Amino acid sequence: MSKIIPNDVKWRDISPGGIITDAGNSAEFKTGDWRSERPVWLTDKCKQCLLCYPTCPDTSIVIDEEGKRQDFDYDHCKGCGVCKQVCPFGAIEMKPEGGNN
Amino acid sequence: MRERLSGNEAVAVAMRQINPDVVAAFPITPSTEVPQYFASFVANGKVTTEFVPVESEHSAMSACIGAQAAGARTMTATSSAGLALMWEMLYIASSSRLPVTLAAVNRALSGPININNDHSDTMGARDSGWIQLYGETNQEAYDNFIQAVKIGEHKDIMLPVMDCFDGFITSHAVENIELIDDDKVKAFVGEYKPEFYLNNKKHPIAVGPLDLPIHYFEHKRLQAEAMRNAKKVILDVAAEFEAMTGRKYGLFEEYKMEDAEVAIVVLNSTAGTAKFVVDGLRERGVKAGLIKIRVYRPFPVEEIAAALSKVKAVAILDKADSFNAAGGPVFTDVTSAMYGRADGVKAISYIYGLGGRDVKSTDIELVYERLLSIVESGDIGEIYNYLGVRE
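Described in the following lines is the structure provided in the data block. (Residues numbered from 1 in each chain as written. Chains lettered and ligands numbered in written order. Predicted model: local features only at pLDDT ≥ 70, side-chain atom pairs only at ≥ 80, totals over all residues.)

1. Some words on the overall build of chain B
Now for step 1: Each helix and strand counted, chain B has 13 helices and 15 strands in total.
Now for step 2: In summary, chain B has a C-alpha radius of gyration of 21 Å against a globular reference of 21 Å for 391 residues, a match within 12%.
Now for step 3: Oriented by its inertia axes, the alpha-carbon framework of chain B measures out at about 70 × 50 × 45 Å.
Now for step 4: By residue count, 54% of the 391 residues in chain B fall in the buried class.
Now for step 5: Taking all contacts inside chain B whose residues are at least 6 apart in sequence as the whole, residues at least 24 apart take part in 80%. (Helix = DSSP H or I, 4+ residues; strand = E, 2+ residues; numbered from the N terminus. Rg over C-alpha atoms; globule rule 2.2 N^0.38 Å. Buried ≥ 20, exposed ≤ 12 C-beta atoms within 10 Å, placed from the backbone. Contact = placed C-beta atoms within 7 Å.)

This is the structure in structure tokens:
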């Protein structure tokens, strides 16, 4: 059975009882298009304090090997805005998604 | 070996012989004795089962689901309001494809509150995705329970199974019974070896995730297929059981149906009373027969219709009302099976024995007399009837 159940799976091939036969595949589920607002990382204001990182419910704040935060993982960020609330330096702005913004 | 046991004790003995991994149960009349006897087996070291005395039936079924998902063979027992409180979880068990075994000791649903026997509890659960077996005697309750485990756990099925038998009439009355040797029962059911289970560290799985419109329908279709597969597996298991015990089981029992012109369809203990009536009618030269349904889910559509296609008139007896203003649940299932397969056979519904109202042989005789008058006059008359209610 494949790790990810494809969207066009036929009933005979789907997992019995709705089980997921491999753990740790949530990254495969792109939730970025749920966003109505997009967080924007203002690198000039960011002090790399990393207070934002543990608050993200979707681990969508990417940390590199040197322990520095990078830009958002927009494939999974749902735009909840918690990171903006905790940032002491105003280094995260929320901007509306879609349209001409 | 020959024993004399109540239906509840017989089922508890079957559970002891199987020695399941987990039993989670909550007491309710008249099923209380099943976990009560079983708890004594646990306390006396007769089994190695983890016994979970939960605080409600919702929790009992939830604990069974968790344990079964973990990879444990799991059992419980309940009745009436207890089954009703399990409602949500009954569907979780079947849709998650977890073959829990449940001794369903039939009792009327409230209200008004009543502790006696009818089938309103398990009839309500007939479309919950559980396999339902019904038994007339203590022997059948015991035999069905053992077969239920093997049916439900079959790789083509993986569905939970209810072993239904009548509260008090079967659950508490002591009858002679033929028990199977412990080692033979254990060999018959074998080890529970699910393909997927939570405690398998090598192949971790998630159970019960959110299923969105893109996948839910396919899961339900696959679940429906398991129920379709069940008929064959039930017969295969019955054949294996017969080879071991000499006791024959099918989808339903046909009693003197070979040349029957009038017949009754009935479930559980009332079949015994009705057989007595059939014998009396036969002595008088009346071609009366009886069908006792054993497998109600999956419903043996083609087989029932074929068996009834030769009679002139049939009465389907329901120990539960559907409140659909159209007949009891067994009646609507049987007549829908007959549509296009047994056309021309006159079929009437009788609701009987609600809340433990005694069903006497004279009551059953009235039904056969009614059928005979329908055959004679050709006039079916009232289709939706009540038997034994004071008019």
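2. Notes on the interface of chain B and chain A
Now for step 1: In this complex, chain B contributes 19 residues to the contact, which on the side of chain A involves 13 residues.
Now for step 2: Among the elements that make up the side of chain B that touches chain A, the one with the highest residue count is helix H9 (residues 216-245) of chain B (four residues).
Now for step 3: Taken together, the residues that form the side of chain B that touches chain A break down as nine nonpolar, six polar and four charged. (Nonpolar A, V, L, I, M, F, W, Y, C, P; charged D, E, K, R; others polar.)

3. Here we look at helix H3 (residues 57-70) of chain B
Residue and element names in this part refer to chain B.
Now for step 1: The end-to-end C-alpha distance of H3 is 20 Å, a good match for the 20 Å that 14 residues give at a rise of 1.5 Å each.
Now for step 2: Among the structural elements, strand S2 (22-25), strand S3 (50-53), strand S4 (74-78), helix H4 (80-85) and helix H5 (87-95) are those in contact with the buried residues of H3.
Now for step 3: Downstream of H3 by a residue or two, Gly71 has a phi angle that is positive, lying close to 115 degrees. (Expected span 1.5 Å × (residues − 1).)

4. Some words on the environment of Glu65(A)
Now for step 1: With respect to the helices and strands, the residue Glu65(A) is situated in the loop between strand S2 (61-63) and strand S3 (69-72).
Now for step 2: As for Glu65(A) and Asn7(A), which are separated by 58 residues in sequence, their C-alpha atoms are 34 Å apart.

What is shown is where atoms sit, not what they do.
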